[in-house]
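Residues per chain are reported as follows:
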Amino acid sequence: ENELFTSLTAARNYVESLKLRPLLMLEDEAMKDFEGIQTEDPNSVVVGLSPSNFHYKRLNEAFNLLKNGASLIAINKSRYIKTDVGLSIGTGAFVSTLEFASDKKAHVIGKPSKDFFHLALKELDPKLQPHEALMVGDDVRDDVLGAQQAGLIGALVKTGKYL
């Protein structure tokens, strides 16, 4: 039943645990994962893959919150993604923009964060040890090396965005 643990799951858990009120820079589909989270008077900025939010006005809104004390949370810091038109810029470029402009470091929730892999294991089975788990992914840096650095076995598949 609990076979998938996503970076959105981890981000929601993180936001809830700290009782944050985020400005959510997410697409509508991802917003469903944050239903019920208070977002009025934001004290944090959550950045995920969201092409419709990556424009000057929205980025500037996030920047001003950060300059006024909000924390920066990145769903991930991917360099690029594969879309039906080929490769496209990933979330990482926009997170880096906000980090640079606000002089704040993002707390990266998803891959390749060691915490992400350890939280996923804990969610799946609290007794599961990292060396007993296999992470299969199409990204050498974020999936395979991230998993290996967290103590898991990493396996690369040559599908998806693999180059």
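Overview of the structure.

Cut-offs and rules
- Residues numbered from 1 in each chain as written.
- Predicted model: local features only at pLDDT ≥ 70, side-chain atom pairs only at ≥ 80, totals over all residues.
- Heavy atoms only, no water.
- Helix = DSSP H or I, 4+ residues; strand = E, 2+ residues; numbered from the N terminus.
- Rg over C-alpha atoms; globule rule 2.2 N^0.38 Å.
- Buried < 20%, exposed > 50% of the residue type's maximum accessible area, 1.4 Å probe, protein only.
- Contact = heavy atoms within 4.5 Å.
- Areas by Shrake-Rupley, 256 points an atom, 1.4 Å probe, with all protein chains shown as cover.
- Pairing = 2+ DSSP bridges.
- Axes fitted to C-alpha atoms, helices over the stretch in contact; angles between N-to-C directions.
- Phe/Tyr/Trp six-rings, centres within 6.5 Å; stacked < 30°, edge-to-face > 60°.
- Expected span 1.5 Å × (residues − 1).
- Core = buried A, V, L, I, M, F, W, Y, C linked by side-chain atoms within 4.5 Å.
- 1 Å grid on protein atoms, 1.4 Å probe; cavity = no way out; pocket = protein on both sides within 12 Å on 5 of 7 lines; lining within 4 Å.
- Points joined across faces, edges and corners; volume = space filled by probe spheres on them.
- Nonpolar A, V, L, I, M, F, W, Y, C, P; charged D, E, K, R; others polar.

1. As for the overall build of the chain
So, point 1. A count of helical and extended segments in the chain gives six helices and eight strands.
So, point 2. Taken from N to C terminus, the helices and strands of the chain fall in the order α-β-α-β-α-β-β-β-α-β-α-β-α-β.
So, point 3. For a compact globule of 163 residues, the expected C-alpha radius of gyration is about 15 Å, and the chain comes in at 16 Å, within 12% of that figure.
So, point 4. Overall size of the chain, expressed as C-alpha extent along the three principal axes, is 45 × 35 × 30 Å.
So, point 5. The buried share among the 163 residues of the chain stands at 40%.
So, point 6. Contacts in the chain between residues at least 24 apart in sequence constitute 52% of all its contacts with a sequence separation of at least 6.
So, point 7. Carbon together with sulfur atoms contributes 52% to the accessible area of the chain, which is approximately 9700 Å² in total.

2. A word on the sheet that holds strand E1 (residues 22–25)
So, point 1. The parallel open sheet is built from four strands, whose spatial order is E1-E2-E3-E6. Edge strands, defined here as strands with exactly one partner in the open sheet, are E1 and strand E6 (107–108).
So, point 2. Across the sheet, helix H3 (residues 56–67) lies against E1, strand E2 (44–47) and strand E3 (71–74), angled at about 155° from E1, the strand it touches most.

3. Some points on the packing of aromatic side chains
Aromatic rings in a pair are described by how distant their centres are and how their planes are angled relative to each other.
So, point 1. By the definition in use, this model includes two aromatic pairs.
So, point 2. For the pair Phe 116 and Phe 117, a centre-to-centre distance of 5.6 Å together with 70° between the ring planes defines the contact as edge-to-face. Both residues of the pair, Phe 116 and Phe 117, count as buried.

4. So, H3
So, point 1. Under the 1.5 Å per step criterion, the end-to-end length of H3 is 16 Å for 12 residues, consistent within 8% with the ideal 16 Å.
So, point 2. Elements in contact with the buried residues of H3: E1, E2, E3 and helix H4 (91–102).
So, point 3. Positive phi shows up at Gly 69, right after H3, with a value of about 105°.

5. What about the nonpolar core?
One recurring pattern in soluble globular proteins is that nonpolar side chains are buried together.
So, point 1. Core analysis: the biggest nonpolar cluster contains 24 residues, and Val 15, Leu 26, Phe 34, Ile 75, Phe 117 and Leu 152 have the highest contact counts within it.
So, point 2. Mapped by element, the contributors of at least two residues to this core are helix H1 (7–17) and helix H5 (114–124).
So, point 3. Filtering out sequence-adjacent residues up to four positions away, Leu 152 remains in contact with Phe 117, Leu 121, Pro 130, Ala 133, Met 135 and Ala 147.
So, point 4. One finds Val 47, Phe 54, Ala 70 and Ala 106 within the second-largest nonpolar core, a separate group that totals 15 residues.

6. Observations concerning the layout of surface pockets
So, point 1. Considering only enclosed or pocket space, the largest pocket measures out at about 560 Å³ in volume.
So, point 2. Along the wall of the largest pocket there are 23 residues; nearest its centre are Ser 7, Leu 49, Ile 75, Asn 76 and Ile 81.
So, point 3. Taken together, the elements giving at least two residues each to the lining of the largest pocket come down to H1, helix H2 (28–31), strand E4 (80–83) and helix H6 (140–149).
So, point 4. A class-by-class count of the residues in the lining of the largest pocket yields seven nonpolar, six polar and 10 charged.

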